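Residue strings, one per chain:
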Amino acid sequence: MMIQNSYILNLLKEGKRLDNRKIDEYRKIKIEKNPITQAEGSARIKIGNTEVLVGVKMDVGEPFPDKPEDGVLITNAEFSPLASPNFETGPPREGSIELARVVDRGIRESGAIDTKKLCIKKKEKVWMVFVDVQILNHAGNLIDAAGLGAIVALLNAKMPEYDEKEEKVNYEKKTQPLPVKSNPVPVTQSKVDSTFLIDTNLEEEDVAEGRITITTKDDGNICSIQKSGSSAFTLDEITKAIDNSINKGKELRKLL
Amino acid sequence: MKRQDGRNANEIRPIVIKAGVIEQAQGSAMVSLGNTRAIAAVYGPRALFPKHLQRPDKAYLNTVYNMVPFSTKERNRPGPSRRSNEISKVTRHALEPAIFLEEFPKSEIFLCIDIIEANAGTRTAGINAAAVALADAGIPMRDFVTSIAVGKVNGEYIVDMTGKEEEVTHCDLPVAFMPRTKKITLLQMDGDLPQKDVKELIQFAMKSAEEIYKKQKEALRKRWTS
């Protein structure tokens, strides 16, 4: 492991990466829309060997008292033991909680879902939107894959109908698209030595001391930031990371 | 602009910091910013169990952030939540860069932060208390850590928001940094802001936090010189 680490560091000094990518180059991204027919919307995202599945399910429930006319968004992530020798069963660990919360904030703060249009009866009934992230293979950069999957799944989601008389959701009839207003895209950069790497693979994540995820919107505004990991950043580094995220976000958004 | 509680935009709430508040702990501190109050206690360095968590090259900063049930308007269900789990994680990352963890391989430094009263800014108050508690415990540090959150209301940047202000702000941007090197160790943001604002807000936060750093040092001096 130590040999591998110093190899990665030495390569980086020459501006090179293990798989010959540029410092700011994503691995090949593949997007499959609506692979899961039972879900209201879904996406399967591959970034290199990393693979995640994101599903959107909807149900009717009570709104939060402070937002009586808004639909509810709930985001969750499962790090299934299927996806990595390092994932275990049991209650969610901080890694999956952080991922879900970062993805959630991107969607929420960007106003991606027009929650006002998800109100059925004020104070009583609103649509609940569940975004569930299932990791299939962990080969690095899970947050970007999950964030991309979430917005693709939302964009392709069809709402089931609600039968007011029977007070039941009719999952057989999915007609209207889910109202989506904006396309938040997270871009994560990891700091190795003093270089910022985009789309780290597992080996690179082992060497990285810290990372920063910045979620941007179509207009280039920033809707969420999360610094993570045990290193410190200068303000200049953060400013540069924001620039990179805006540019890369534009690229990724073309794939939607 | 005067704020609801009469503060200026760049004015933090009345701040009190006290070091050495938990007799049993190796080091401890209490921070109150208005009626947001955090207590931090440090135990260790001590052996880390289970053994497989031990790291051969450095200590593990085991961090727990916890809100007590009566700290909020509506009772906060005791025990860890998804929110508190995430805050524990980012708090650990906010402090790690400042500590010489490599001096204590295979050990843990246990840091517990209890929020006893919450009116916004609890993670930053917790980090401020934790830095004092770590220093109070005599843990070797390469720099201090100071933390504050900033926001933007009616086009103006404001520091140290109350719960009421958090409801109307365009963003919530907590920052922690090492005051000597000005390196940033915690950065989160929720909201909707152009790029330029983010940079200016970080600078605004670091400037406004100077008073907190002063109070942190004063608290330690008071505890160890009397």
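Residues numbered from 1 in each chain as written. Chains lettered and ligands numbered in written order. Predicted model: local features only at pLDDT ≥ 70, side-chain atom pairs only at ≥ 80, totals over all residues.

1. As for the sheet that holds strand E1 (residues 15-19) of chain B
Residues and elements named next belong to chain B.
Piece 1. Across the sheet, five strands lie side by side as E1-E2-E3-E5-E4; this open sheet has mixed pairing. The strands lining the two open edges of the sheet, one partner per strand, are E1 and strand E4 (60-67). Recorded for the sheet is a direction-independent mean angle of 15 degrees between the axes of neighbouring strands.
Piece 2. With five bridges joining them, E1 and strand E2 (residues 27-33) adopt antiparallel strand pairing. Following the sheet pairing, Lys18 is matched in E2 by Met30.
Piece 3. Packed on one face of the sheet, helix H5 (residues 210-225) meets E1 and E2 and runs near 35 degrees to E1. (Pairing = 2+ DSSP bridges. Helix = DSSP H or I, 4+ residues; strand = E, 2+ residues; numbered from the N terminus. Axes fitted to C-alpha atoms, helices over the stretch in contact; angles between N-to-C directions. Contact = placed C-beta atoms within 7 Å.)

2. Considerations on the interface of chain A and chain B
Piece 1. Across the boundary between the two partners, chain A contributes 27 residues, which contact 26 residues of chain B.
Piece 2. Secondary structure elements with two or more residues in the side of chain A that touches chain B: helix H2 (94-109), strand E12 (222-229) and helix H5 (235-253) of chain A.
Piece 3. With eight residues, E12 of chain A is the largest single contributor of residues to the side of chain A that touches chain B.
Piece 4. Across the side of chain A that touches chain B, the residue classes tally to ten nonpolar, eleven polar and six charged.
Piece 5. Here four bridges tie E12 of chain A to strand E9 (residues 183-193) of chain B, and the two strands are oriented antiparallel to one another. Among the inter-strand pairings, Gln226 of chain A is bridged to a residue of E9 of chain B, identified as Gln188 of chain B. (Nonpolar A, V, L, I, M, F, W, Y, C, P; charged D, E, K, R; others polar.)

3. Some thoughts on the environment of Lys248 of chain A
Piece 1. Within the element layout of this structure, Lys248 of chain A appears in helix H5.
Piece 2. For the pair Lys248 of chain A and Met159 of chain A, spaced 89 residues apart in sequence, the C-alpha separation works out to 31 Å.

4. As for the confidence of the model for chain B
Piece 1. In this model, chain B carries a mean pLDDT of 95, and residues with pLDDT of at least 70 account for 100%.
Piece 2. Interface confidence for the predicted complex, given as ipTM, is 0.79, next to a pTM of 0.88. (pLDDT = per-residue confidence, 0-100.)

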